[in-house]
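Coordinates in review
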Amino acid sequence: MSSRFVRRAIGAACVGAVVLLAILGPWLIEADPLRQNLRAALRPPFGDDLLGTDHLGRSVLARLAHAARLSVSFGAASAASAALLGTGLGLVAALRGGIVDRVAGALCDATMALPGLLLVLILAAFAPGAFWPLYLGIALALWVEFFRLVRTVARSRLMAPEVEAARLFGFGDLHIVKRHLLPHLLPALGALFAFGFGASVAAVSTLSFIGVGLRPPTPEWGNMMTELLPYYDEAPIQLLAPAGLLFATVLGLQLLAGRDTK
Amino acid sequence: MNAAPALEVEGLCVAAGGRDLVRNACLSLRAGGILVILGESGSGKSLLAHAVMGTLPAELDWRGRIAIGGIDFGALDPKSRRAHWGRAIALLPQEPWASLDPLMRAEDQIAEVHALVGRRTWREARALAGRALGTLGLGSAGGRYPFQLSGGMAQRVAVAVALAGGARLLVADEPTKGLDAECRDEVAELLLSQARAGAALIVITHDIAFARKLGGEMAVMLDAEIVEQGAIAGLLAAPRHAYTKRLLAADPAGWAPAKPVAAANPVVEAANLAVERGGRRLFEGLSVAVCPGEIVAATGCSGCGKTSLGNVLLGLLAPQSGIVRRVSGADAHRFQKLYQDPVSAFASGSPLGVALDDVCRRHGLPLDAPSRILARLRIHPDLLLRRPDQVSGGELQRVALARVLLVDPAFLFADEPTSRLDPIIQQEVMDLLREVVAERRLAMLLVTHDAALAAGMTAKAVRVDARLDAGGTLAAL
Amino acid sequence: MGGVGRALADRLLQALFVALLVGVLCFFLAEALPGDQAFRIAAARYGEDMVSGIAADAVRAELGLDRPAWLRLADWLLNIARIDLGVSLVSGESVFEELVHQLGSTIGLSLAALALSALVGPPLGVFFALRAGKLPDAIGTAAAAALRALPSFAVGIALMLVFASWLAVVPAAGYDQPQSWLLPTTTLALGLAATSSIVSRQATLAVLQSSQIAFARTKGLGEFDVVRRHAVRNAAAPVVAYLGVQLVYLVEGVVVVESLFAWPGIGHALVHAVIARDIPMLQGTALAMGLLFVLLNAAVDFACRAIDPRVRHA
């Protein structure tokens with residue numbers, strides 16, 4: 001019980017710190033994340049810039065904060081879209097059954113046939129470096145998790161006597177979703193949302209790192225690491241900082257999600 | 001070995017955090033004898049059995065003397081006690097189908113005990129396992145996996161497994177739990193045959209009829225204490241303790257038979273029904289009519305379609321053929337149902353009061369509408385602040401009845417509403433139902449597996465498992 | 001048994017979905033690219049400066065690029081069905097030939113990583129479960145949770161910096177020496193082992209607390225026999241089933257790790273094809289990765305059936 005509390009507290013602290021950096025960082029830090037100054041390249045930390053500068057003389061702290069804003073909003077947006085789509089379709093499939101259920105199930109099977117990253121990679125070829133293929137691809141890969149959870153739980157709950165009793169009393173679908181389905185779904189949906197959030201933050205950094213996601217000069221943790229990798233010897237802190245933030249975000253979200261939902 | 005009693009327990013106490021769960025229990029059982037420990041849920045009877053076995057959860061404290069076949073078993077450290085498991089004392093677990101290894105064939109689960117505990121060669125062990133299965137009438141089932149066995153078959157395999165190590169004392173923890181009522185006699189016969197073969201038995205149960213079948217000695221438990229002990233036949237014929245008397249009075253077998261009700265225009269009637277579930281025909285040619293103020297009992301073995309009959313009358317299930325006619329002018333929501341497991345009939349996340357408020361709002365009733373009904377059913381309003389899993393089964397079934405009465409029902413389908421309740425609570429709920437039916441002129445279909453209970457509630461019954469029965473009186477059965 | 005046929009049919013359907021999804025997406029990708037497709041293909045065939053309007057027209061007529069879109073889509077999919085994957089727009093080589101070259105290194109890397117993670121993860125998970133709540137369990141579980149939160153490229157960079165650059169004991173990239181296998185395999189295996197140790201730990205804990213194990217004890221078996229004959233197999237069933245979920249991580253990890261370590265496999269080629277927008281190559285590599293995923297899934301299906309009779313008879 002208490003170890004679960006400790007895990008949640010650590011998770012909340014990690015996520016809270018990154019979210020604060022994402023919201024307040026770009027405001028409080030005056031430096032422009034894009035302004036180059038080649039004479040100030042690879043300055044060490046704790047000088048004019050708290051975390052030093054990169055190989056083009058840009059403030060690493062400013063770039064980290066802007067990248068945090070990008071990652072956090074990207075992760076939240078794709079996980080939220082996936083959650084809305086998956087939950088909605090899952091509820092409709094379970095409530096309506098029949099052809100609706102079969103079509104939604106086939107859509108789900110088709111999406112799951114391919115590992116999510118492959119789908120994102122093909123979509124990324126449509127518009128290299130653009131934001132929308134990543135968002136679309138990751139949200140598409142994630143919605144099936146929500147759909148499958150919601151459909152399975154809702155299906156079994158709808159067979160339960162409590163739902164039969166509610167129907168005998170004349171209650172409609174909305175009441176049944178609100179009283180009999182959502183209370184059973186919300187904890188697992190919350191965990192799944194946190195997992196999906198973490199997975200999409202990790203995915204966008206991974207894709208940017210291997211050169212098929214967001215491209216420089218956009219500040220993004222993954223492509224910051226690509227850019228700084230050749231300078232690991234001169235600028236280890238600058239290279240470690242984005243990795244550390246990425247790690248804190250994903251770990252924090254996984255700890256918040258609690259035990260494995262799979 | 002036969003000289004020493006199979007089991008002697010003196011001054012056994014089990015406690016959790018200073019609270020007594022079993023208080024000062026004394027028991028004695030001769031070799032080959034049967035001892036039934038009877039009590040309702042929470043009385044401590046299962047803990048007593050686990051204390052004897054040495055399988056109490058680590059967080060419980062216990063003290064007292066336990067001797068098995070002359071060995072001072074209780075004085076041993078846990079490791080030495082474990083060395084006697086299977087060899088001197090064995091446990092038949094609750095719901096044995098969940099206790100067999102799901103990945104191992106039935107015969108192998110018996111044979112491995114002969115081989116690894118009895119130190120025989122695997123060839124001998126397999127032969128012994130095959131013979132044990134044959135004796136239990138399971139000769140062909142040795143190659144099956146547990147999920148391919150029925151509950152009764154798994155029970156028999158588990159008995160063979162438990163006794164394969166040569167134990168002379170078998171502790172059976174609620175052996176009828178989760179089994180169909182008609183399996184009860186089979187289980188009793190199975191246990192009796194083990195006793196005839198020389199095993200001493202301790203049987204934990206809440207079921208008086210089952211205890212009566214077993215015979216032997218009985219100890220009645222109430223609130224952590226053994227309140228009465230003696231030979232079963234004598235004890236049931238002349239109980240001394242007040243609790244035992246109430247328990248026996250609550251047994252439907254002793255209820256006064258119900259009187260017939262004058263016939264009236266039926267609220268719902270069905271003619272020539274045939275129903276199938278999963279491609280299997282449950283019954284056909286069945287006709288039934290339920291009039292205001294009348295209880296009709298639907299009886300029969302489990303799986304025969306009693307519940308399906310009720311669901312057809314409610315309109316939840318379409319019959320394959322036949323006609324269902326409801327009285328004209330009654331809204332759909334005036335046909336209601338009481339469930340076997342009341343916990344499952346309420347939204348688990350909300351307090352009970354919310355469930356009643358929802359119904360009031362849905363049907364435009366004032367929010368104080370439940371108060372009179374609650375008072376009539378003797379439900380304390382504080383109960384409504386709790387969630388369904390926080391009240392007892394009997395209280396919850398009364399709240400379920402209150403919710404049903406809110407919508408002024410014309411017909412009520414009560415689906416085994418007391419089969420999960422202790423006997424005394426069962427009697428209270430049944431009395432209440434009888435009163436409500438009379439006061440409200442309610443038509444009720446009561447599904448039950450218990451013929452005695454049916455006879456105590458009504459004179460009119462349909463037997464669903466007689467495929468072509470057209471309804472009749474209990475006396476004719 | 002009918003169950004085998006059913007499982008095979010499910011996987012065949014999945015393979016069909018993979019082919020359709022990849023084929024249709026790549027067709028639309030080809031349609032959506034700016035510029036004239038005929039010009040691009042002619043350029044790939046004859047070289048950038050040899051392209052003329054006549055050559056492009058010849059290509060257009062030959063490939064039927066002037067026909068309605070749905071006919072061209074049907075044609076496109078038919079080519080996939082005939083395993084005619086076309087020619088790489090970058091190298092000019094047959095895509096199929098290139099895939100055959102790359103397949104070996106990808107399968108080798110995947111199997112090596114799976115084997116390494118299977119040697120490390122589940123035994124550690126069982127070890128942690130048997131010491132649940134004690135210090136080794138706490139440290140091990142925390143380490144596994146941390147490792148699982150690190151994307152594979154970050155693990156790869158860390159290993160690369162420590163072992164290839166600072167300690168200089170292994171090569172950072174390439175495929176030519178036996179030591180080259182160390183870093184990519186370890187990177188992939190670490191992530192897989194972290195998850196499988198967590199799953200094995202949970203499965204073992206659940207089994208040890210189950211009523212089956214309690215009964216195995218009370219019927220007289222010693223603890224060693226209880227674990228050997230009952231606990232291990234019952235814990236293995238969910239762990240192997242979870243392998244199916246892990247395959248997604250494996251395939252995704254292969255793409256990332258191959259790119260990071262310049263491993264000459266399909267994943268590396270896939271990423272290059274995306275960057276170069278080499279559509280035939282992209283389609284071929286995505287198909288190969290997807291079908292490999294289906295094949296591994298089928299293998300997991302059969303392992304589950306072998307362990308659990310309930311799956312076999314379902």
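What counts, and where the lines are drawn
Residues numbered from 1 in each chain as written. Chains lettered and ligands numbered in written order. Predicted model: local features only at pLDDT ≥ 70, side-chain atom pairs only at ≥ 80, totals over all residues. Heavy atoms only, no water. Helix = DSSP H or I, 4+ residues; strand = E, 2+ residues; numbered from the N terminus. Rg over C-alpha atoms; globule rule 2.2 N^0.38 Å. Contact = heavy atoms within 4.5 Å. Areas by Shrake-Rupley, 256 points an atom, 1.4 Å probe, with all protein chains shown as cover. Lys, Arg positive; Asp, Glu negative; His and termini not counted. Charge placed at Lys NZ, Arg CZ, Asp CG, Glu CD. Buried < 20%, exposed > 50% of the residue type's maximum accessible area, 1.4 Å probe, protein only. Polar contact = N/O pair within 3.5 Å; in protein donor to acceptor, adjacent residues only side chain to side chain. Phe/Tyr/Trp six-rings, centres within 6.5 Å; stacked < 30°, edge-to-face > 60°. Pairing = 2+ DSSP bridges. Axes fitted to C-alpha atoms, helices over the stretch in contact; angles between N-to-C directions. Buried area = accessible area lost by both parts, 1.4 Å probe. Salt bridge = Lys/Arg side-chain N within 4 Å of Asp/Glu carboxyl O. Parallel < 35°, antiparallel > 145°, perpendicular 65-115°, else oblique. Left-handed = near helix turned anticlockwise from the far one by under 90°. Core = buried A, V, L, I, M, F, W, Y, C linked by side-chain atoms within 4.5 Å. Nonpolar A, V, L, I, M, F, W, Y, C, P; charged D, E, K, R; others polar.

Of the regular secondary structure elements, chain C holds 13 helices and 0 strands. In chain C, the succession of α and β elements from N to C terminus is α-α-α-α-α-α-α-α-α-α-α-α-α. For a compact globule of 314 residues, the expected C-alpha radius of gyration is about 20 Å, and chain C comes in at 24 Å, more than 25% above that figure. Of the contacts made within chain C by residues no fewer than 6 positions apart, 68% connect residues no fewer than 24 positions apart. Roughly 14100 Å² of accessible area belongs to chain C as shown, and the carbon and sulfur atoms make up 70% of that amount. With 21 positive and 22 negative side-chain charges, chain C shows a separation of 19 Å between the mean positions of the two kinds.

A few words on the side chain of B:Thr244. All names here are of chain B. Counting through the fold element by element, Thr-244 comes out in helix 9 (residues 242-250). Given a relative accessible area of 2%, Thr-244 falls into the buried group. Looking at Thr-244, its side chain comes within polar contact range of the side chain of Glu-228, at 2.6 Å. Sequence-distant contacts of Thr-244, that is, excluding residues within four places in its chain, are made with Val-220, Glu-228, Leu-235 and Pro-239.

We now examine the packing of aromatic side chains. Per the counting criterion, the structure on display carries 10 aromatic pairs over all chains. With a centroid separation of 5.9 Å and an interplanar angle of 40°, the aromatic rings of B:Phe335 and B:Phe411 are classed as tilted. Of the two residues, B:Phe335 is situated in strand 14 (residues 335-338) and B:Phe411 in strand 15 (residues 411-415); the sequence distance between them amounts to 76 residues. What makes B:Phe335 buried here is its relative accessible area of 0%. What links up through ring pairs into an aromatic cluster is the set C:Phe27, C:Phe28 and C:Trp76.

All right, on to the sheet that holds strand 13 (residues 321-326) of chain B then. Residue and element names in this part refer to chain B. With antiparallel pairing, the 3 strands of this open sheet are ordered in space as 11-10-13. Each edge of the open sheet carries a strand with a single partner, namely strand 11 (280-290) and strand 13. Recorded for the sheet is a direction-independent mean angle of 25° between the axes of neighbouring strands. In the sheet, strand 10 (residues 268-277) pairs with strand 13 via 5 bridges, with the strands oriented antiparallel. What sits directly across from Ala-274, in strand 13, is Ser-321. Here helix 10 (residues 306-314) sits on the sheet in contact with strand 10, strand 11 and strand 13, set at roughly 125° to strand 10.

Below, the discussion takes up unusual backbone geometry. In this chain, A:Pro216 is followed by A:Pro217 through a cis amide linkage whose omega measures 10°. Along the chain, the position of A:Pro217 falls in the loop between helix 7 (173-209) and helix 8 (221-228).

Contacts between chain B and chain C engage 28 residues on the former and 23 residues on the latter. Summed over both sides, the interface of chain B with chain C buries roughly 2200 Å², with 59% coming from carbon and sulfur. Of all residues in chain B, B:Arg82, B:Leu103 and B:Phe147 bury the most surface against chain C, accounting for 29% of the area lost on that side. The tally of links between chain B and chain C comes to 3 salt bridges. The shortest N-O distance in the salt bridge between B:Glu112 and C:Arg229 comes to 2.4 Å. The tally of links between chain B and chain C comes to 12 residue pairs in polar contact (both at pLDDT 80 or more). Sorting the residues of the side of chain B that touches chain C by element identifies strand 5 (89-92), helix 3 (106-116) and helix 5 (151-163) of chain B as the ones contributing at least two each. Broken down by element, the residue count for the side of chain B that touches chain C peaks at 4 residues, all from helix 3 of chain B.

Turning our attention to the packing of helix 5 (residues 131-158) of chain A against helix 7 of chain A. All names here are of chain A. Close contact between helix 5 and helix 7 brings their axes to 9 Å; oriented N to C, the two are set at 155°. For the element pair helix 5 / helix 7, the angle class is roughly antiparallel. The way helix 5 lies across helix 7 gives a crossing that is right-handed.

All names here are of chain B. Strand order in the open sheet made by the 3 strands is 2-1-4, with antiparallel pairing throughout. Every interior strand has two partners, whereas the edge strands, strand 2 (19-29) and strand 4 (61-68), have only one. The sheet shows a mean angle of 10° between the axes of neighbouring strands, taken without regard to direction.

Right, let's get into the nonpolar core. Within soluble globular proteins, side chains that are nonpolar tend to cluster in buried spots. With 177 residues, the main nonpolar core has A:Leu121, A:Trp221, B:Leu377, B:Leu433, C:Leu270 and C:Leu282 as its most contacted residues. Among the elements that line this core, the one with the most residues is helix 7 of chain A, at 16 residues. Once you skip the residues sitting within four places of it in the chain, C:Leu282 turns out to touch A:Ile122, A:Ala125, C:Cys26, C:Leu29, C:Leu270, C:Ala273 and C:Val274.

To continue, consider the interface of chain A and chain C. Many structure descriptions define interface size as the accessible area lost when the parts assemble. Listed per partner, the contact involves 42 residues of chain A and 42 residues of chain C. Note on chain A versus chain C: buried area summed over both sides is about 3600 Å², and carbon and sulfur give 79% of it. Inspection of the region where chain A meets chain C yields 0 salt bridges. Summed over the shared surface of chain A and chain C, the number is 5 residue pairs in polar contact (both at pLDDT 80 or more). When contributions to the side of chain A that touches chain C are tallied by element, the ones reaching two or more residues are helix 3 (98-112), helix 4 (116-124), helix 7, helix 8 and helix 9 (236-257) of chain A. If you tally residues by element for the side of chain A that touches chain C, the top one is helix 4 of chain A, at 8 residues. A class-by-class count of the residues in the side of chain A that touches chain C yields 30 nonpolar, 6 polar and 6 charged.

Turning to the pattern of salt bridges, a few remarks are in order. Counted according to the given criterion, the structure contains 40 salt bridges over all chains. The residue A:Glu164 makes a salt bridge to B:Lys337 at a minimum N-O spacing of 2.7 Å. Of this pair, A:Glu164 sits in helix 6 (residues 161-168) while B:Lys337 sits in strand 14, on two different chains. On the basis of relative accessible area, A:Glu164 is assigned to the partly exposed category, the value being 22%. The closest approach of N and O atoms between B:Asp20 and B:Arg23, which form a salt bridge, is 3.3 Å. Judged by relative accessible area, which is 29%, B:Asp20 ranks as partly exposed.

Don't take any of this as a statement about function, it's just geometry.
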